[in-house]
Amino acid sequence: NKMKKVLFFAVFIGGYTASLFGIFAGEILTYILNFSFLCFVYIPLFFGVLRYVWRILFGVDDNPISVFYYFSKKELYKKALKYFALLLLRIVPLGVLVSLPAVFARIISLGKVFEYFEMPIPMWAANLSYAYIFLSTIAFVIIFLYSLKFYMAPVLLVADENMDAAEAFHMSTV
């Protein structure tokens, strides 16, 4: 229970730090900082909490400070970062591909294309906002169902300390 609080507190501090910088530097910096916190702080901390819980399930009395285990060695930290990079490389291309119809529907429904070509906006263009919602939902469901085959990868990575992130993804899909 305390370990969840550590992860929650890290996300809380990271989110507020990013939004504070975003007030002064703009919204783009907020997104960049949030993504940076996700990559370099939350993912290794998540693996540390998962490892702590995994070890408690098997009767190991661990020190609560062990949630920072993936920050303790350069190799472990790289292992957590490699996991996240591989996850992104597996999900983002599909996400972009299945989201393209929704993006096109959104662009056309806003009417900017017609304004750019100095054409009157057709009546049917406004109704594409419903198509956008439908296509976005379909894209989300496809991405979610595809990503379900990777749900075991973090547990496998924590359970076998000698396992590589690519091997964990392979074993998860099997």
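Located above this text is the structure these notes cover.
Residues numbered from 1 in each chain as written. Predicted model: local features only at pLDDT ≥ 70, side-chain atom pairs only at ≥ 80, totals over all residues. Heavy atoms only, no water.

Things to note about the overall build of the protein chain
Heads up, the rule is: Elements are defined by DSSP. Helices are runs of H or I of four residues or more, strands are runs of E of two residues or more, and each kind is numbered from the N terminus. The globule rule is 2.2 Å times the number of residues to the power 0.38, and the radius of gyration it is compared with is taken over C-alpha atoms. Only protein chains enter the calculation, and the probe is 1.4 Å; a residue is then buried if its accessible area is under 20% of its type maximum, exposed if over 50%, and partly exposed in between.
Counting secondary structure elements, the protein chain contains eight helices and zero strands. Each helix and strand of the protein chain, placed in order from N terminus to C terminus, yields the pattern α-α-α-α-α-α-α-α. Against the 2.2 N^0.38 benchmark of 16 Å for 174 residues, the protein chain shows a C-alpha radius of gyration of 21 Å, more extended than a compact globule. When the backbone C-alpha atoms are referred to their principal axes, the protein chain occupies close to 70 × 45 × 25 Å. Here the protein chain holds 174 residues, and the buried ones make up 28% of them.

Examining the nonpolar core
Which entries qualify depends on this criterion: Buried residues of nine kinds, namely Ala, Val, Leu, Ile, Met, Phe, Trp, Tyr and Cys, make up a nonpolar core once their side-chain atoms join them within 4.5 Å. Contacts are assigned to residue pairs with any non-hydrogen atoms lying within 4.5 Å of each other.
Ranked by size, the top nonpolar core spans 20 residues in total, and within it Phe47, Tyr70, Tyr83, Leu87, Leu157 and Phe169 carry the most contacts. Residue contributions to this core peak at seven residues, all from helix α3 (residues 74-110). Filtering out sequence-adjacent residues up to four positions away, Leu87 remains in contact with Phe150 and Phe169. Counting residues in each nonpolar core, the second largest holds seven residues, with Met3, Leu45, Val49 and Tyr52 among its members.

Topic: the pattern of salt bridges
Put simply, the rule reads: One side-chain nitrogen of Lys or Arg within 4 Å of one carboxyl oxygen of Asp or Glu is enough to make a salt bridge.
With the rule as written, the count across this model stands at four salt bridges. A salt bridge links Asp62 to Arg51; its shortest N-O distance comes to 3.9 Å. One end of the pair, Asp62, is in the loop between α2 (27-57) and α3; the other, Arg51, is in helix α2, and 11 residues separate them in sequence. Here Asp62 and Arg51 have matching classes, each one buried. Among the salt bridges present, the one from Asp164 reaches Lys82, with a minimum N-O distance of 3.0 Å. Here the residue Asp164 occupies a position in the loop between α7 (153-159) and α8 (165-173), and Lys82 occupies one in helix α3, the gap between them amounting to 82 residues.

Re a nonpolar patch on the surface
Here is the rule we go by: Patch membership is restricted to residues that have no salt bridge and whose relative accessible area is over 30%. Joining uses 9 Å for like charges and 5 Å for the nonpolar side chains Val, Leu, Ile, Met, Phe, Trp and Tyr. The Shrake-Rupley method, run with a 1.4 Å probe sphere, supplies the accessible areas, and residue values consider only the shown protein chains as cover.
A contiguous nonpolar patch, built from Val92, Val96, Leu97, Leu100, Val103, Phe104 and Ile107 and spanning about 600 Å² of accessible area, is present on the exposed surface. We classify Val103 as partly exposed; its relative accessible area is 40%.

Re unusual backbone geometry
A positive phi angle, near 55°, is found at Glu118, a position not held by glycine. By secondary structure assignment, the location of Glu118 is in the loop between α4 (112-116) and α5 (123-126).

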